[in-house]
Amino acid sequence: MRHINGTALIIAALVATVAALAFPVWSYADRSGTGQANLNASSVATQWGPLSATDRDFLVKVRLAGLWELPAGQQAVERAPTQAIRDAGDHLVVGHTDLDQRARDVAAKLGVELPNQPTEQQQGWLRELSAASGVEYETKFANLLRNAHGKVFGLVAQVRHTTRNSLIRQLASDANQTVLDHITMLEATGRVDFDAIANEAAGQATASPTGPPAPNGNLPPAPVPAVPAPGQSFTSLPSARPGPPTSVETARP
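Residues numbered from 1 in each chain as written. Predicted model: local features only at pLDDT ≥ 70, side-chain atom pairs only at ≥ 80, totals over all residues. Heavy atoms only, no water.

**Observations regarding the overall build of the protein chain**
Inference 1: Counting secondary structure elements, the protein chain contains eight helices and zero strands.
Inference 2: Secondary structure elements in the protein chain, listed N-terminal to C-terminal, are α-α-α-α-α-α-α-α.
Inference 3: Split into buried and exposed, the 253 residues of the protein chain put 30% on the buried side.
Inference 4: Relative to all contacts within the protein chain whose residues are 6 or more apart in sequence, the contacts with residues 24 or more apart total 78%.
Inference 5: Put simply, the protein chain shows about 16500 Å² of open surface, and 60% of that area lies on carbon and sulfur atoms. (Helix = DSSP H or I, 4+ residues; strand = E, 2+ residues; numbered from the N terminus. Buried < 20%, exposed > 50% of the residue type's maximum accessible area, 1.4 Å probe, protein only. Contact = heavy atoms within 4.5 Å. Areas by Shrake-Rupley, 256 points an atom, 1.4 Å probe, with all protein chains shown as cover.)

**With respect to the side chain of E69**
Inference 1: Along the chain, E69 falls in helix α3 (residues 53-79).
Inference 2: Lacking a salt bridge, the buried E69 has R146 as its closest oppositely charged neighbour, with an N-O distance of 11 Å.
Inference 3: Contacts of E69, omitting those with residues within four sequence positions, involve L92, H96, L145, A148 and H149. (Lys, Arg positive; Asp, Glu negative; His and termini not counted. Salt bridge = Lys/Arg side-chain N within 4 Å of Asp/Glu carboxyl O.)

**Quick look at the packing of aromatic side chains**
Inference 1: Inspection of every chain in the model, using the stated rule, returns two aromatic pairs.
Inference 2: Pairing W68 with W125 gives two aromatic rings, centres 4.9 Å apart and planes at 50 degrees, and the pair type is tilted. With a gap of 57 residues between them, W68 in helix α3 and W125 in helix α5 (residues 120-131) connect regions that are remote in the sequence. In terms of burial, W68 and W125 fall into one category: buried.
Inference 3: Seen from their ring centres, Y137 and F141 are 6.1 Å apart, and the 25 degrees between their planes marks the pair as stacked. (Phe/Tyr/Trp six-rings, centres within 6.5 Å; stacked < 30°, edge-to-face > 60°.)

**What about the environment of H149?**
Inference 1: Take H149: it is sitting in helix α6 (residues 134-162).
Inference 2: H149 sits in the buried class, given a relative accessible area of 1%.
Inference 3: Taking the C-alpha atoms as reference points, H149 and A65, separated by 84 residues in sequence, lie 8.6 Å from one another.
Inference 4: Once you skip the residues sitting within four places of it in the chain, H149 turns out to touch E69, L92, H96, V179, H182, I183 and L186.

**Observations regarding the pattern of salt bridges**
Inference 1: Tallied over the entire structure, the rule returns nine salt bridges.
Inference 2: A salt bridge links E187 to R146, with the nearest nitrogen and oxygen atoms 2.8 Å apart. You can see E187 sitting in helix α7 (residues 166-187) and its partner R146 sitting in helix α6, a full 41 residues away along the chain.
Inference 3: For R146, a relative accessible area of 12% corresponds to the buried category.
Inference 4: Three or more residues joined by partner-sharing salt bridges are found here, namely R63, D100 and R104.

**A look at the nonpolar core**
Inference 1: In this structure, F58, L59, L110, V112 and I168 are the most contacted members of the largest nonpolar core, which totals 19 residues.
Inference 2: Listed by contribution, the elements that provide at least two residues to this core are α3, α4 (83-110), α6 and α7.
Inference 3: Every residue in contact with V112, bar those within four places of it in the chain, is listed here: L51, R56, L59 and A107. (Core = buried A, V, L, I, M, F, W, Y, C linked by side-chain atoms within 4.5 Å.)

**Describing the confidence of the model for the protein chain**
Inference 1: Chain-level pLDDT for the protein chain is 85 on average; 81% of the residues reach the 70-or-more range.
Inference 2: Low pLDDT, under 50, characterises residues 20-31; the predicted model gives this stretch two contacts beyond four residues in sequence or across chains. (pLDDT = per-residue confidence, 0-100.)

Here it is as structure tokens:
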């Protein structure tokens, strides 16, 4: 009896050991309901790489942006009281005409259906602009469009970072240039309310801000410059232009 009990204990211990070793493998293999599973389920294979739901949503948002921002820019060129607003409008028209062509080309290759009308919210913004005039028009134009561009800027960065599709990656690079150009031109009007933008973003934030402590009036130690070690030569040029910002180069092959 003692021999049987001892054997049973050994078998039980072996079963428990195998189960313990197998559990991590099982837990990592069964990933249903996780973000990875959702990504795989929403993606379709193409010759340019997997096309995810986020990629498709990005294509639609690029198209929608052009459907309302292009007519908004054209309206600004026609009726804005100041040259800065007209210049911003000109950049919107030229930039979104180009970006819309690129988005439609990509969508046709990938088989993604695109809308032909702006959203109800975007149509409402166009009505707001049409009903305004003078300084009110300039303020609405600069802030409605700057806010919209700032929000899509984050999506462009996310898609450029995570997409596995080469066509979407190139479109995100193109959109990054265009959106930054438009943001710069809208800010050059002098009508952008940066406090309102910051307050809106703060109201939507869920995490506490982090970073160095607030300045106390005393100058901190000067940081050490980040420079290469001597003995090597470099030929590339910095991406940022010297001097005050004016516009972003959007010329692309």
